[in-house]
Amino acid sequence: MATIKTSAMMRSFTCITLLAIICLPSCSANIIVCTKLHRNATCFIEGLSLQSSSDDLAIAFPSSSQIIMESCEIIPFTTHHFDALPDTAFLTLKNGLIPAVTFRSQSLHSLRIDNTGLREFAIVPQENRNLNTLIITGNPLYAIPPNIRHLVALSILDLSNNQLESVNLNWFRTMDNLLALDLSSNRIVHLDVLPTLLLQRVKNFWINHNRLRGIAFFPAFLPALQRVRLVENSWSCDWVAAARRSIWTASIEVHGAETACLAGTLNGGLCCYTADQPEPHGARYEIVSVTFDRQEASHEQLSEEFPSRPEPLREAEGPEEETQFAQLRRSYEVLGQKYRRVIEEKELLEKRFTNTVRELERTVRRLTAELGEAQNVISWNVLRGN
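Residues numbered from 1 in each chain as written. Predicted model: local features only at pLDDT ≥ 70, side-chain atom pairs only at ≥ 80, totals over all residues. Heavy atoms only, no water.

Another aspect to go through is the packing of aromatic side chains. The final tally for this structure, using the stated rule, is seven aromatic pairs. Ring centres of phenylalanine 77 and phenylalanine 82 lie 4.9 Å apart, and the angle between their planes is 65°; on these two criteria the pair is classed as edge-to-face. Accessibility assignment for this pair places phenylalanine 77 and phenylalanine 82 in one class, buried. Aromatic side chains phenylalanine 205 and phenylalanine 218 sit 6.4 Å apart centroid to centroid with 40° between the ring planes, which places their arrangement in the tilted category. Of the two residues, phenylalanine 205 is situated in strand 17 (residues 204-206) and phenylalanine 218 in the loop between strand 17 and strand 18 (227-229); the sequence distance between them amounts to 13 residues. For the pair phenylalanine 205 and phenylalanine 218, one class covers both residues: buried. When the ring centre of phenylalanine 44 is taken as origin, the NZ or CZ atom of lysine 36, which lies over that ring, is 4.9 Å away. (Phe/Tyr/Trp six-rings, centres within 6.5 Å; stacked < 30°, edge-to-face > 60°. Buried < 20%, exposed > 50% of the residue type's maximum accessible area, 1.4 Å probe, protein only. Helix = DSSP H or I, 4+ residues; strand = E, 2+ residues; numbered from the N terminus. Lys NZ or Arg CZ within 6 Å of the ring centre and 35° of its normal.)

See below:
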């Protein structure tokens, strides 16, 4: 009887051992390694592909204070991915395909999602007092979640170059440290602003390159505003007139100016439109990730001021007409010279504009790189000091 029990136990033990051996490969963690390591300890992960949500719990990312994931395909990027980054303070998701992100992290200080095809961005509804920089740019994102109000420590919020159509600014009232808000280069037609809204510390507000007719209670809801960018919208002329007075009174710096309007009226560097004037169907040019797409000014625009080269004058038929003819000829020649000068100046201004934009692009890229490296060094030193 004892022999039978021992045999049965041995068979059970053998089965358990075999199951454990079979389970080992699938139960082991999916260990991710850095494809390259920068001298400031920045870990680059390139070309990673994670598409099975069943593997989320088994992921192990490198232990690094800064991770840049470039050209990766992660469908979706869930809370489990963030949980697998306990030692990371700065995370960048760049290029590749990451169409959905659900954010939950108490360790990250900075999150950047740049050109990943992001369409859905969700935030776990719990207060977060660590994330101070959120940058989502260059994505087909058309809405932001109300739960963004839980990111109470944000000082920089950059949602530029997406496809946002409406933004509720009241969701940002919990962000007591918010200094910079960038909503530029979207498709925003409406901003929700309550009369009681106050974003007490915002100093920079970029809302250029959208489709706004006006912003309620502007700039009263931004009492600390120092710099604003408003160009390339569909502003109503009444709103522009009122906004200019308020901007002047508050000594706010206005960055950027429009020099010509296709259909509207130019008012202090902003194109505006009355009820009987057609609104522009889109921006005359678009800035995407600090790149320049020039649209040539047409000769039809110039022809509004100079409709066409004057017709040849007929021959004079008498002394008086000869005198008038001479005067008209001189006027004709002066007008022709002005016409040629305008064409030449137009071409010269276009060249200067193109060169200026390209120089600004180079400067922005250089400063961005230097600022990023300096921020990384400072953050690394702070982390080491702690």
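Here we come to the state of the cysteines. Counting across every chain of the model gives three disulfides. The disulfide partner of cysteine 237 is cysteine 272, and the gap between their sulfur atoms is 2.2 Å. In this structure the cystine formed by cysteine 237 and cysteine 272 twists about its S-S bond by roughly 90°; its chirality is therefore right-handed. One end of the pair, cysteine 237, is in helix 3 (residues 237-250); the other, cysteine 272, is in strand 21 (residues 270-272), with 35 residues separating them in the sequence. Linked covalently through their sulfurs, cysteine 261 and cysteine 271 form a disulfide whose S-S length is 2.0 Å. Disulfide cysteine 261-cysteine 271: torsion about the S-S bond near -100°, hence left-handed. (Disulfide = S-S within 2.5 Å.)

Burial analysis of strand 12 (residues 133-137) places five of its five residues in the buried class, which makes it a mostly covered element. Here strand 12 shows two buried faces, one formed by Thr133, Ile135 and Thr137 and the other by Leu134 and Ile136. Relative to strand 12, strand 10 (residues 110-114) runs parallel, the two sharing five bridges. Bridge pairing in strand 12 places serine 110 opposite threonine 133. (Pairing = 2+ DSSP bridges.)

Below, the discussion takes up the nonpolar core. For soluble globular proteins, the rule of thumb is that nonpolar side chains tend to be buried together. Membership of the largest hydrophobic core comes to 71 residues, with the highest contact counts inside it found for Met69, Phe121, Phe172, Leu191, Phe205, Ile215 and Phe218. Per-element tally for this core: the top contributor is helix 3, with five residues. Those residues within four positions of phenylalanine 218 in sequence are excluded, and the remaining contacts are Phe205, Leu225, Val228, Leu230, Trp239, Ala243, Ser246 and Ile247. (Core = buried A, V, L, I, M, F, W, Y, C linked by side-chain atoms within 4.5 Å. Contact = heavy atoms within 4.5 Å.)

A word on the environment of phenylalanine 61. Along the polypeptide, phenylalanine 61 turns up in the loop between strand 5 (59-60) and strand 6 (66-70). Judged by relative accessible area, phenylalanine 61 falls into the buried class, the value being 9%. Considering only alpha carbons, one finds phenylalanine 61 and isoleucine 31, 30 residues apart in sequence, at a separation of 6.3 Å.

Purely geometric numbers; function is a separate question.
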